[in-house]
Amino acid sequence: MDHPPSRALYQAIAALIREHVGARPDVGVILGSGLGVVAERLEQATAVPYRDLPHWPVSTVEGHHGELIVGRWAGHTVAILNGRAHYYEGYSMADLALPVRVLRALGIARLIVTNAAGGLEPGYRVGDIMLITDHINLVGMAGLSPLRGANDPFLGPRFPDMSRAYDRELANLARRVAREKK
């Protein structure tokens, strides 16, 4: 898909998901490489393979399972994207924005995104867990943006405030839990 997904499309996909899972999730989690085991923590889980969702980008990366799972976890109804597609796999930014827009149409206002990321800290080792608090959008500097196309106010402002792209309250919670688990 070269053009941004329409509201009708992502709302139709959200309706299809609701038919399969019945529950209304309030938290979304996008799992990156190596974290598929997190999805096993869900109780009363229902999975929908990405291939069953129209226009949904399916990852070709090993370890990205390719399913949306809705279930209960820590008192919340959670929608987990167990794997995701990437720009380097040949998808457009519009393709990559579709799952997040569908999560919003499902009613999700809090989204946790995990990924494998590089860092410049010499003390980091492969497999270390880190909390990303800022980033440089190099792809955006090349003019590629999931915000391209007509703005849909349902999703929020055209140019969101990126000074708060990462929720400080959730980041502080993550730090507190990490200290407790040491």
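Preceding block: the structure.
Residues numbered from 1 in each chain as written. Predicted model: local features only at pLDDT ≥ 70, side-chain atom pairs only at ≥ 80, totals over all residues. Heavy atoms only, no water.

A short note on the pairing of strand β3 (residues 67–73)
Turning to step 1, where the next piece is worked out: Pairing between strand β2 (residues 43–49) and β3: five bridges, direction antiparallel. Counted as the bridge partner of A47 is I69 from β3.
Turning to step 2, where the next piece is worked out: Relative to strand β4 (residues 76–82), β3 runs antiparallel, the two being bridged by seven bridges. Paired with L68 across the two strands is L81, which belongs to β4. (Pairing = 2+ DSSP bridges. Helix = DSSP H or I, 4+ residues; strand = E, 2+ residues; numbered from the N terminus.)

Considerations on the sheet that holds β2
Turning to step 1, where the next piece is worked out: On the basis of which strands lie adjacent, the open sheet formed by five strands has the order β2-β3-β4-β1-β5 and mixed pairing. If you trace the sheet from one side to the other, it starts and ends with β2 and β5 (110–113), each paired once. Taking each pair of neighbouring strands and ignoring which way they run, the sheet shows an average axis angle of 20 degrees.
Turning to step 2, where the next piece is worked out: Most of the contacts of helix α2 (residues 93–105) go to β4, to which it runs at about 165 degrees, and overall it touches β1 (27–31), β3, β4 and β5. (Axes fitted to C-alpha atoms, helices over the stretch in contact; angles between N-to-C directions. Contact = heavy atoms within 4.5 Å.)

Some points on the environment of R24
Turning to step 1, where the next piece is worked out: Structurally, R24 is set in the loop between α1 (7–21) and β1.
Turning to step 2, where the next piece is worked out: Using a relative accessible area of 57% as the deciding quantity, one classes R24 as exposed.
Turning to step 3, where the next piece is worked out: For R24 and V78, which are 54 residues apart along the polypeptide, the C-alpha to C-alpha distance reads 8.4 Å.
Turning to step 4, where the next piece is worked out: Setting aside residues up to four positions removed in sequence, R24 forms contacts with R18, T77 and L106. (Buried < 20%, exposed > 50% of the residue type's maximum accessible area, 1.4 Å probe, protein only.)

Describing a nonpolar patch on the surface
Turning to step 1, where the next piece is worked out: Together, Y87, V139 and L144 line one region of the surface with nonpolar side chains, adding up to about 220 Å² of accessible area.
Turning to step 2, where the next piece is worked out: Owing to a relative accessible area of 31%, L144 belongs among the partly exposed residues under this scheme. (Patch = residues over 30% accessible without salt bridge, like charges linked within 9 Å, V, L, I, M, F, W, Y side chains within 5 Å. Areas by Shrake-Rupley, 256 points an atom, 1.4 Å probe, with all protein chains shown as cover. Salt bridge = Lys/Arg side-chain N within 4 Å of Asp/Glu carboxyl O.)

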